[in-house]
Each structure stands twice: as C-alpha cells, then as structure tokens.
Amino acid sequence: MRPPVIRHRPAPGAAARHPFRILIVEDERRLALSLAGGLAAEGYAVDVVHNGLEGLHQAGESPYDLLLLDIMLPGMNGYRVCSALRAAGHDLPILMLTAKDGEYDEAEGLDTGADDYLTKPFSYVVLVARVKALLRRRGRDGGASPVLELGGLTVDTAARRVFVGGEETVLTAKEFAVLEHLATRAGEVVSKADVLEHVWDFAYDGDPNIVEVYVSALRRKLGAGLIRTVRGAGYRLERPETAR
C-alpha cells in the first residue's frame, strides 16, 4: 500500500489568485509541511509525498503545474525521478531542492531535465519568486505583475532592483528579500516572526533581532519613514509619498 498524499488546499479567498497545483517531494517532513503551508497560503493547491518512488508515481499520474523535488530521497533519488519524468514525456516545470551545493551537483540536476535549482538553506521569499518565475516562463501563472509600484517606490521582483523616485538603490540580497516581503503586504502590519519565517530559512534559530538590523539598513537606504514600527506588533511599509 502506498503512503497517503498529504494535501494542502488554499483558503477560498486565495484560490482564485493561483489555481495551480504543486507537488512537493521532500523527505524532511518539517520542511515539506512548512513549504506546503506557505504555498497554500499564497493560493496554490499543494500535495506532499516523502518518497522518490511515490513522487514519480504521483507526478506521472496527476496533472501538476510544478514539481518541487528534493535530490536525496528514499526509494529513488531526485535525479532519477526527474530523468524518468522527462523520458516519459512529462514537461512540467521542476525546481530541485537539495543540501548539496557544488556546481557539478547543479549541473547534474539541470542535465537530468530540471528547470531550476535551489540549495538549502534558502529563504521562503526566494522559493516563491522561483516558483512564480517558472510558472510565468511556462505561461501558466496569471498572477500579479513582478513589478510592485508603491507610489514613488518601485520593486522589480524579477530583476531584483529597487527604485525610489526613479533613482535606483542598490540592496543586498537579504535586504531585498525583507523589502519584497513587506512590499507585497504594503499597508499591513507584518510581525517580526513572519519576516523571519519568510526571509530566513525554516531552521533559523539565531537572534530574532536580526530583522531589526535589516529594517534599519532599509531605512537608511530608502528613507527613515518608509518602514514604520508598530510597537508590539511588527512593521508596516508606507508609500513613499506618505512616509515623510
């Protein structure tokens, strides 16, 4: 008897934004369920299995729009799963997830037919950006534009560029990830814990005040009033014209 597929369905209000199905094949159960919960909150319908053989069967039998595939799996590794799917004519986008980080590992993953490759630990924001990019590339994501226009602030999530009043401001990768997460929820209060969960990897157990360090850096670069601190609750991104 095959193990059951764990299904995560989007909330009714989110389902209309992304009517797409994603399969996660990942044997680290905590990571798999965290990813599934986050993607379901984004509006995707997500199924999870923890075994390579079951992943191959599930991806071959059901119509998915994207596959998140770990490499080190029981039953059958991700390289073999990817190769078997491509050999059988399945063309769904495949994003490989792995703890291996050598360039030869990446090359092997891409040579077997993967569309993209993400090394653990990774931030949730980066993962979602890769998912959306793959779906857009295949013409399957009818979601929002990758460019966020917030008054005088422009955040280009595809090119990873930021402009304030038409002038580009250079950010580090982590600064951009924090800003992107706040920008996608502009006007809302976002807790420090939520920023940590989405921008840092799921296993992060360092000082949560690291968020304050990056928010301070963004204020210096983009304007002191752009990100407001809501005492006891978190941060709110203001539109530049209201942030003076």
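Labelled according to an unreviewed UniProt entry, the protein appears under the name DNA-binding response OmpR family regulator, originating from Streptomyces achromogenes.

Undergrad: Could you clarify how one ought to interpret the pattern of salt bridges in this entry?
TA: Two side chains that carry opposite charge are able to pair once their charged atoms sit near each other. Enumeration over the complete set of coordinates arrives at 13 salt bridges. Residue K120 is joined to E28 by a salt bridge in which the shortest nitrogen-to-oxygen separation is 3.0 Å. Of the two residues, K120 sits in the loop between β6 (116-119) and α6 (124-137) while E28 sits in the loop between β2 (21-25) and α2 (29-42), which places them 92 residues apart along the sequence. Residue classification places E28 among the partly exposed positions, given a relative accessible area of 41%. Two residues, D194 and R185, come together in a salt bridge whose shortest N-O distance is 2.7 Å. You can call D194 buried: its relative accessible area is 15%.

Undergrad: How do you make sense of the packing of aromatic side chains when you look at a structure like this?
TA: The geometry of an aromatic ring pair is captured by the separation of the ring centres together with the interplanar angle, meaning the angle of the planes. Scanning the model with the defined rule gives 1 aromatic pair in all. Ring geometry for F20 and Y44: centres 6.5 Å apart, planes at 40 degrees, overall tilted. Highlighted residues: F20 in the loop between α1 (12-15) and β2 and Y44 in the loop between α2 and β3 (45-49), separated in sequence by 24 residues. Of the residues examined, F20 reaches a relative accessible area of 10% and is grouped as buried. Its end group placed over the ring of Y64, R21 keeps NZ or CZ at 4.4 Å from the ring centre.

Undergrad: Got a minute to help me understand the packing of helix α7 (residues 173-183) against helix α8 (residues 192-199) in this structure?
TA: Describing two packed helices takes the angle between their axes plus the distance from one axis to the other. Two elements in contact, α7 and α8, have axes whose closest approach is 10 Å; the angle formed by their N-to-C orientations is 125 degrees. With respect to α8, the axis of α7 lies oblique. Every pair of crossing elements has a handedness; the one defined by α7 and α8 is right-handed. Contacts from K174, A177, V178, H181 and L182 of α7 reach α8 at D194, V195, H198 and V199. Of the residues contributing to the contact of α7 with α8, the split by class is 5 nonpolar, 2 polar and 2 charged.

Undergrad: Just to check I follow, could you spell out the environment of R219 for this structure?
TA: Mapping R219 onto the fold places it in helix α9 (residues 210-222). When sequence neighbours within four positions are dropped, the list of residues in contact with R219 reads A224, I227, R228, T229 and Y235.

Undergrad: What should I look at first to understand helix α4 (residues 78-87) in this one?
TA: Each α-helix turn comprises 3.6 residues. Residues three or four places apart therefore point the same way. Within α4, the full set of buried residues consists of G78, Y79, V81, C82 and L85. Around the axis of α4, the buried residues are gathered within 165 degrees of arc, so they sit on the same side. For α4, the N-terminal cap is N77; the gap from its side-chain oxygen to the backbone nitrogen of Y79 is 3.0 Å. Phi for G89, located one or two positions after α4, is positive at around 90 degrees.

Undergrad: Teacher, can you tell me more about the sheet that holds strand β10 (residues 167-169) here?
TA: In a beta sheet, neighbouring strands are held together by backbone hydrogen bonds and run either parallel or antiparallel to one another. A sheet is described by the order of its strands in space; here 4 strands give the open sequence β7-β8-β9-β10, paired in antiparallel fashion. The sheet terminates laterally at β7 (147-150) and β10, the two strands that pair on one side only. The average angle at which neighbouring strand axes cross in this sheet is 20 degrees, direction not considered. By the bridge criterion, 4 bridges tie strand β8 (residues 153-156) to strand β9 (residues 161-164) in an arrangement that is antiparallel. Within β9, the residue paired with T154 across the bridge is F163. Across the face of the sheet, α7 comes into contact with β7, β8 and β9 while running at roughly 110 degrees to β8.

Undergrad: I tried to follow the sheet that holds strand β12 (residues 227-230) on my own but got confused; where do I start?
TA: Spatial ordering of the open sheet is given by β11-β13-β12, a layout of 3 strands whose pairing is antiparallel. Edge positions in the sheet fall to β11 (189-190) and β12, since each has one partner strand and no second. Contacts from α7 reach β11, β12 and β13 (234-237) within the one sheet, and its direction differs from that of β13 by about 75 degrees.

Parameters at a glance
Residues numbered from 1 in each chain as written. Predicted model: local features only at pLDDT ≥ 70, side-chain atom pairs only at ≥ 80, totals over all residues. Heavy atoms only, no water. Salt bridge = Lys/Arg side-chain N within 4 Å of Asp/Glu carboxyl O. Helix = DSSP H or I, 4+ residues; strand = E, 2+ residues; numbered from the N terminus. Buried < 20%, exposed > 50% of the residue type's maximum accessible area, 1.4 Å probe, protein only. Phe/Tyr/Trp six-rings, centres within 6.5 Å; stacked < 30°, edge-to-face > 60°. Lys NZ or Arg CZ within 6 Å of the ring centre and 35° of its normal. Axes fitted to C-alpha atoms, helices over the stretch in contact; angles between N-to-C directions. Parallel < 35°, antiparallel > 145°, perpendicular 65-115°, else oblique. Left-handed = near helix turned anticlockwise from the far one by under 90°. Contact = heavy atoms within 4.5 Å. Nonpolar A, V, L, I, M, F, W, Y, C, P; charged D, E, K, R; others polar. Arc of directions from axis to C-beta. Polar contact = N/O pair within 3.5 Å; in protein donor to acceptor, adjacent residues only side chain to side chain. Pairing = 2+ DSSP bridges.

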